[in-house]
Each structure stands twice: as C-alpha cells, then as structure tokens.
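# Summary of the model geometry
In case you want the letters, here they are:
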Protein chains: 2
Amino acid sequence: MIGPDIDRLIQLLAKLPGLGPRSARRVALHLIKRRDSLMAPLGEALAAAASSIRTCSICGNLDSNDPCTICADHHRDSGLLCVVEDVGDLWALERTGAFRGRYHVLGGTLSALDGIGPDDLSIPSLLERASRPEVQEVILALNATVGGQTTAHYLSDRLTPCGVRLSRLAHGVPVGGELDYLDDGTLTAALRSRRSL
Amino acid sequence: MIGPDIDRLIQLLAKLPGLGPRSARRVALHLIKRRDSLMAPLGEALAAAASSIRTCSICGNLDSNDPCTICADHHRDSGLLCVVEDVGDLWALERTGAFRGRYHVLGGTLSALDGIGPDDLSIPSLLERASRPEVQEVILALNATVGGQTTAHYLSDRLTPCGVRLSRLAHGVPVGGELDYLDDGTLTAALRSRRSL
C-alpha cells in the first residue's frame, strides 16, 4: 500500500519520456530520499518554468521572455536565418556555439499522412521573415529524415522567389565516426562532397 | 542560448537516476510542451510530496502519515514482521499483495567497508519490536546479495533469543524463467529445495 501522494508522483513521473513504471518508482524513491536537496528545488523549478516559459512570437523558440533571448540579442546576425524543426534542434545548434544568426522553429514537418500542411507549421511567418531586406541567407537545418527532407524541398520551392541564398547542412562522416560502421548513403554523400586538402 | 529557467530545470532533471544530460534535455522539452497537462501537476505533486512525506517512526516506511498507512491498518497481521532493506523493497512486496503482515525497513545493510554497523540501521528498534509478545514470525526479506545475506546472518543471531520463528524468502527458479539462462547458484538452490508434487 503506497500512499496517495507517492502514488500520484509515480504516475506522473511514468509519463516522462524514457521512464516506465519501474524507473518512475526508482526516481520517486530517489527524490523522496533527497526531499530538501532535490525534490523541493525540482518542484519549484517546474512551477517556475510552467508559469514563465512561453513561445517566442518571432521565431517559435521557448524562453521566459517574448521575444526570446536570441531574437532580442542585437549582437546576433539578422542576415542569417536557420530553420529548424523543433526547439530541441535549436538547443543542439546553440550548444555548438558555431551559429551566430537567428532561428525559425517550424514546429514539425509536413506530413500528408498526419494531415500536417504548410499552415499547421510556422511556414507563412518564415516566408514573411525571409522576404525582409536584411535576410541574406536561409539555412534549412532540418533532420535528414524523409519528413525533414520533404519539408526542406517544399521550403526551397517556396523560398526561391524571396531572393535569399538557400543552404542546407552538409552530409558526411560524423566527427569521431568510423567508416566501417557508416551506412552506405552517408558514405556516398561524404565521397561526393569530398573536400580538397 | 537556453534561458535560465529551462537551464536550471535541465540541471536538476539530470540529477535523477537513469537520466543524463541528453535525456534530461529531452524530458525538459517534453515537459515544456505539456505545461498545463504534465509540468504544472508534476511540480505540484513534487511540492506536495516534499512537504507531506515523512518516515514512519515505527517501521521506517515513507508515507504522508506517521505512523504509516500499513502500521495504522488494524486489519494487518501484527504477528508477522517482514524485514526489508529499503522502502523500494517494501513497495515491491506490497505490489504482490501476497503479504498481509507488517514491515520493518532497515535502511541499508551492514557494511564493515562503509563503516555501517547495527546502530546505523534500525536494528535496535527491530529487536525491540520482535520481542513483543504478539510477534510470532520474522521474515528476513533481504536481498540475495553479499550485504543482504551478511545482514540476514547477523539478524538471525540477534533475533534467536527473542524467541520468534525466523524465516527467509525461498531461492529458486523465477516464475517465467528459463533454466538455460539461470546461474548455477540459483539452479542448485532450486534443486535442493525441490517440492514434491
């Protein structure tokens, strides 16, 4: 007989991605044993984030401010617009520190099967942003999946009339990767896009 | 550039068992996208649990009440005392629904290496409980590990003078298990403790 407070906590934890009923119980027990050092701060962080985080009305990023920190940063290059599927992809690019332009989060990919058309994603606002005179290049940083590439193809058709330079991420051997373990498609792409030394 | 609220949330989530920085980011994004349906309720459940859950002064269980629901339940058999290492083990036994007695949570196992002696665990209160006239049997449901078995051995020495019946969980083939995949020790134990049909 587990008490109702603990039971409810386990039920909610089991809804998190990557956690099942067993790992949710493990996490719950870990938290209960660290009530002051972890459980209470995590509860506060969740409540704070739930009330403060909103979607940036310009780019679709998630932040405590609207416009988000990236859109509000005057040091970032307004001429470069990087289109990503999801906020997780934006975070991944931000971690590299290699991109100093601005983002546009689509919120998914086009999918005829799921009934997701251009108007379900933030494509109209992307076309509007890309038409602005300061934007020089749009980087389509979409996933190398069927959905991502279909969307990239559609976007490149729609963005061409805007008169901006279009680019996509390079395909090739991952840094630290071994050729023997790479799939044929990646290896073919890496060979075709070989660079002179 | 991830905002400070999200960053703090990811840092705290990464401290949970089984989650690393990458899965913590995934969980954070999942939560942020379900602010009202999951994030806010989880924050409340954590805050509620952090303030309400306490250790039962009788058995060492974790519950919103002290004495815990199990100790306060008059329908449970006071003659049966099941000794477990940790609250997680108590939860596991409760899930089976096969035990209707009471528990005693030790809070760990004896360990000379880590300097954990009998007084660091709830052994004195166990001896006191086992000496009560209503207690007829003490089940040592400790893990079948070196630490658990050492502790069981020590406890059986100390509990013998209390005049209670002592027992331990059976060793054997797990239900649904295949003999081919079982270790030699378990198979030997299952053979030795064979039951007539």
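Bear in mind the structure is a predicted one, so any value in this text is a computation, not a measurement. (Residues numbered from 1 in each chain as written. Chains lettered and ligands numbered in written order. Predicted model: local features only at pLDDT ≥ 70, side-chain atom pairs only at ≥ 80, totals over all residues. Heavy atoms only, no water.)

For the rest of this paragraph, the subject is helix α7 (residues 146–159) of chain A. All names here are of chain A. Counted at 1.5 Å a residue, the expected span for α7 with its 14 residues is 20 Å, and the 20 Å between its end C-alpha atoms agrees. Turning to α7, its buried residues are Gly148, Thr151, Ala152, Leu155 and Leu159. Here the buried residues of α7 occupy an arc of 105° about the axis, which is enough to place them on one side. Facing away from the buried side of α7, by more than 90 degrees, are the exposed residues Val146, His153 and Asp157. (Helix = DSSP H or I, 4+ residues; strand = E, 2+ residues; numbered from the N terminus. Expected span 1.5 Å × (residues − 1). Buried < 20%, exposed > 50% of the residue type's maximum accessible area, 1.4 Å probe, protein only. Arc of directions from axis to C-beta.)

The next thing to look at is helix α5 (residues 87–96) of chain A. Within α5 of chain A, the full set of buried residues consists of Val87, Leu90, Trp91 and Glu94 of chain A. All buried residues of α5 of chain A fall inside an arc of 100° around its axis, so they share one side. Turning to α5 of chain A, the residues buried within the fold contact β2 (62–63), α4 (69–72), β3 (80–84) and β4 (102–105) of chain A together with α1 (4–13) and α2 (21–33) of chain B. Following α5 of chain A by one or two positions, Gly97 of chain A has its phi on the positive side, about 70°. (Contact = heavy atoms within 4.5 Å.)

Moving on, we come to the relation of the copies chain A and chain B. Superposition of chain A onto chain B requires a rotation of 180° combined with a translation of 0.0 Å along the rotation axis, giving an RMSD of 0.1 Å. Both copies of the chain, as the preceding transformation shows, are related through a two-fold rotation axis. Taking C-alpha positions as the reference, the residue of chain A nearest the rotation axis is Gly43 of chain A, at 2.2 Å. Interface overlap between copies is the fraction of interface residues in one copy that are interface residues in the other; for chain A against chain B it reaches 100%, indicating a shared surface. (Least-squares fit on C-alpha atoms with pLDDT ≥ 70 in both.)

Quick look at the UniProt feature "zinc finger region: C4-type" (unreviewed entry) in chain A now. UniProt marks residues 56–71 of chain A with the feature "zinc finger region: C4-type" (unreviewed entry), using the numbering shown here. Annotated as 19% helix and 12% strand, the span residues 56–71 of chain A places its first and last C-alpha atoms 8 Å apart. (UniProt positions renumbered as here; feature names shortened; annotations may be inferred.)

With that settled, the discussion passes to the domain arrangement of chain A. The domain architecture assigned to chain A consists of domain 1 (4–52) and domain 2 (78–168). Distance from the C-alpha centre of domain 1 of chain A to the C-alpha centre of domain 2 of chain A: 35 Å. (Domains from an automatic or database assignment.)

It is worth spelling out unusual backbone geometry at this point. The residue after Asp66 of chain A, namely Pro67 of chain A, is reached through a cis peptide bond having omega 0°. Structurally, the position occupied by Pro67 of chain A is in the loop between β2 and α4.

With that out of the way, let us pick up the interface of chain A and chain B. Listed per partner, the contact involves 50 residues of chain A and 50 residues of chain B. Where chain A abuts chain B, roughly 4,900 Å² becomes buried across the two surfaces, and 71% of that area is made up of carbon and sulfur atoms. Across the pair Lys33 of chain A and Asp86 of chain B runs a salt bridge, and its minimum N-O distance is 2.7 Å. The interface formed by chain A and chain B includes 8 residue pairs in polar contact (both at pLDDT 80 or more). (Buried area = accessible area lost by both parts, 1.4 Å probe. Salt bridge = Lys/Arg side-chain N within 4 Å of Asp/Glu carboxyl O. Polar contact = N/O pair within 3.5 Å; in protein donor to acceptor, adjacent residues only side chain to side chain.)

Residues and elements named next belong to chain A. Between helix α6 (residues 123–130) and α7, the least distance of the axes is 11 Å, while the angle of their chain directions is 40°. By the angle between their axes, α6 is oblique relative to α7. Both α6 and α7 take part in a crossing whose hand is right-handed. Of the residues in α7, those in contact with Ile123, Leu126, Leu127 and Ala130 of α6 are Tyr154, Leu155, Arg158 and Leu159. Among the residues making up the contact of α6 with α7, the classes are represented as 7 nonpolar, no polar and 1 charged. (Axes fitted to C-alpha atoms, helices over the stretch in contact; angles between N-to-C directions. Parallel < 35°, antiparallel > 145°, perpendicular 65-115°, else oblique. Left-handed = near helix turned anticlockwise from the far one by under 90°. Nonpolar A, V, L, I, M, F, W, Y, C, P; charged D, E, K, R; others polar.)

As a further point, take the sheet that holds strand β6 (residues 165–168) of chain A. The strands making up a sheet associate through backbone hydrogen bonding, with each pair oriented either parallel or antiparallel. All names here are of chain A. Spatial strand order, β4-β3-β5-β6: 4 strands in an open sheet with parallel pairing. The outermost strands of the open sheet, each flanked by one partner alone, are β4 and β6. Pairwise comparison of adjacent strand axes, ignoring direction, gives a mean angle of 25° for this sheet. Bridge analysis of β3 against strand β5 (residues 137–140) gives 4 bridges, and the strand direction is parallel. Paired with Cys82 across the bridge in β5 is Ile139. Taken strand by strand, α5 contacts β3 and β4, and its axis lies near 160° from that of β4. Packing of α7 onto the sheet brings it into contact with β3, β5 and β6, and relative to β5 it is tilted by some 165°. (Pairing = 2+ DSSP bridges.)

A word on the confidence of the model for chain A. Here chain A averages 92 in pLDDT, and 99% of its residues register 70 or above. For chain A, per-element mean pLDDT is lowest for helix α8 (residues 184–192) of chain A, which scores 88, and highest for β4 of chain A, which scores 96. (pLDDT = per-residue confidence, 0-100.)

As a further point, take the sheet that holds strand β3 (residues 80–84) of chain B. Residue and element names in this part refer to chain B. What the 4 strands build is an open sheet, ordered β4-β3-β5-β6; its pairing is parallel. Unpaired on one side and paired on the other, β4 (102–105) and β6 (165–168) mark the two borders of the sheet. Adjacent strand axes in the sheet meet at a mean angle of 25°, parallel and antiparallel pairs treated alike. Across the sheet, helix α5 (residues 87–96) lies against β3 and β4, angled at about 160° from β4, the strand it touches most. Against the sheet, helix α6 (residues 123–130) makes contact with β3, β4 and β5 (137–140), and its axis sits at roughly 155° relative to β4, the strand it touches most.

What follows deals with the side chain of Thr109 of chain B. Turning to its location among the elements, Thr109 of chain B is positioned in the loop between β4 and α6. Residues contacting Thr109 of chain B, with those up to four places away along its chain left out, are Glu85, Ile116, Leu121, Gly147, Gly148 and Thr151 of chain B.

Next up on the list: the environment of Ala40 of chain B. Mapped onto the secondary structure, Ala40 of chain B falls in helix α3 (residues 35–52). Relative accessible area serves as the criterion here: at 24%, Ala40 of chain B is assigned to the partly exposed category. Sequence separation between Ala40 of chain B and Leu169 of chain B is 129 residues; the distance between their C-alpha atoms is 42 Å. When sequence neighbours within four positions are dropped, the list of residues in contact with Ala40 of chain B reads Ala50 of chain A together with Arg35 of chain B.

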